[in-house]
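# Fold and geometry: a report
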Amino acid sequence: MNIVLLIKDFAVGKKFDKSGMPNQSGGEKHCLNHAKELIRLGHHVTIMAKKKYWFTKVRELYDGCIDLVRLHGLIRWFEIFLRLLITHRKADAFYIIGRPKFSVWAILYAKLTDKPVTLALTGKAEIFNNKQSFREKLFASCDNYIATTHEIKESFIKDAHINPDKISVIPHGIDIKKYPFVSYEDRCIAKQQAGLDSVIPNLLFCARVAPNKGILIALEVWKQIYEHYPDSKFYIVGGGDNTLLDEARRVSEQCNNSIIVVGEVDDITPYHRLSDVYIFPSEHEGLPTSLLEAMSSGLATVCSDIGGNNDLIFDDVTGYRVPVKDVDAYVEKISRLFDDIDLREKIGKCSSKYVEEHCSYDVVSKEMELTVTNQRENPIDMLSDKPKNDKIVIYK
């Protein structure tokens, strides 16, 4: 099938904004990966997004396989119609990630031509009310909906008044082959190769370095952790606000340079191998990709008790959830994991297994394809299972 995938921003042309924040959003990463998965499954994919900078091409073959079309400013609505009538008239289905305003014209075109439309939301903030405007009424008229978390599904029903029979819970997924499970022995070897003590536990933060990702909470946590574990290291991996990165460096100086501010990297796996516990104190999330990657690698997690996280982290099984800004609770759980190698290993194995069985492309992509191509007879909930004692039990 010829699938048109619509998203607000894609390959905008600059890696970072003026503050140092990476321009590529989580939604854009999901868009790229889903496009490649659909192509792997035999479909042709066109991505339509905003044209943000003058120097980017209007149309190009992106990454060797994706037809990328950038739409111009005030005429995006007209350009979508024109392309769907001429250059992309063979479109068979539409897949929208997020709520780009211009995508409503694709929905309208799909209605006129009897083509299926699937809307996927990756964050609760993207939810709409189907009675507020013409645009939101169109968003509420799609054939299928994908919620990446239960929180989003509930908001689809409560706030957007979407029929539950149209909503599937499908995580965006990751390629677990890129984030293989790392045993305790392999972590020890990696630490030795890096010149570190193999038995000293280390902490990892991997996310955008931004206020809403909880970096300031993480730094307060580390100040207390460092008092009890002065030989441990705290890796901060990810690009972000330069002011916050400087604050991390200042706190590191106070803690004998025990914080390693790495910045943005293309490959996080070396830091998965050097670390033992993953801290994720974000204030709000969809289904966090960095958390899925850390779980896949076998890291025990301590995270905030928010939507998205509560679909993945279950206390004493795949990690611990604590109140969003409760520094003492983070310190208590991290210290427990630092002190107990067997507990870390058990939680890490269960986490990796859960991601493999519920969030890997091997299981996610086909379900996403069935939804987008309108072949699904009944909605699916891929996160309805809960890990417990190395077994999977169904929610009652």
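Below you will find a few notes about this structure. (Residues numbered from 1 in each chain as written. Predicted model: local features only at pLDDT ≥ 70, side-chain atom pairs only at ≥ 80, totals over all residues. Heavy atoms only, no water.)

A few words now on the pattern of salt bridges. Enumeration over the complete set of coordinates arrives at 19 salt bridges. A salt bridge links Arg376 to Glu367; the nearest nitrogen and oxygen atoms lie 2.6 Å apart. Judged on exposure class, the residue Arg376 and its partner Glu367 are both buried. (Salt bridge = Lys/Arg side-chain N within 4 Å of Asp/Glu carboxyl O. Buried < 20%, exposed > 50% of the residue type's maximum accessible area, 1.4 Å probe, protein only.)

An order of 11-10-9-12-13-14 is seen for the six strands of this open sheet, with the pairing classed as parallel. Two strands bound the open sheet, and with one partner strand each, they are strand 11 (259-263) and strand 14 (319-322). Averaged over all neighbouring strand pairs, the angle between strand axes comes to 20°, with direction disregarded. Pairing geometry for strand 12 (residues 277-280) and strand 13 (residues 300-304), over four bridges, is parallel. Along strand 13, the bridge assignment pairs Ile279 with Val302. Along the sheet, helix 10 (residues 289-296) makes contact with strand 9 (203-206), strand 12 and strand 13, crossing strand 12 at roughly 170°. (Pairing = 2+ DSSP bridges. Helix = DSSP H or I, 4+ residues; strand = E, 2+ residues; numbered from the N terminus. Axes fitted to C-alpha atoms, helices over the stretch in contact; angles between N-to-C directions. Contact = heavy atoms within 4.5 Å.)

To continue, consider helix 6 (residues 184-193). Listed as buried for helix 6 are Tyr184, Arg187, Cys188, Ala190 and Lys191. For helix 6, the angular spread of buried residues about the axis comes to 165°, placing them on one side. Exposed and oriented more than 90 degrees from the buried face of helix 6 are Gln192 and Gln193. Elements in contact with the buried residues of helix 6: helix 9 (269-274) and helix 12 (341-358). The first or second residue beyond helix 6 is Gly195, which carries a positive phi of 80°. (Arc of directions from axis to C-beta.)

The next point concerns the side chain of Thr148. Structurally, Thr148 can be placed in the loop between strand 7 (144-147) and helix 5 (150-158). If near-sequence neighbours (up to four positions away) are discounted, Thr148 is found in contact with Leu121, Thr122, Val169, Ile170, Pro171, His172, Leu287 and Leu383.

Here the focus is the packing of helix 1 (residues 26-40) against helix 13 (residues 361-372). Between helix 1 and helix 13, whose axes approach to 10 Å, the crossing angle comes to 80°. In terms of axis orientation, helix 1 runs roughly perpendicular to helix 13. Two secondary-structure elements touch here, helix 1 through Asn33, His34, Glu37, Leu38 and Arg40 and helix 13 through Tyr361, Ser365, Met368 and Glu369. Here the contact of helix 1 with helix 13 is built from residues that sort into three nonpolar, three polar and three charged. (Parallel < 35°, antiparallel > 145°, perpendicular 65-115°, else oblique. Nonpolar A, V, L, I, M, F, W, Y, C, P; charged D, E, K, R; others polar.)

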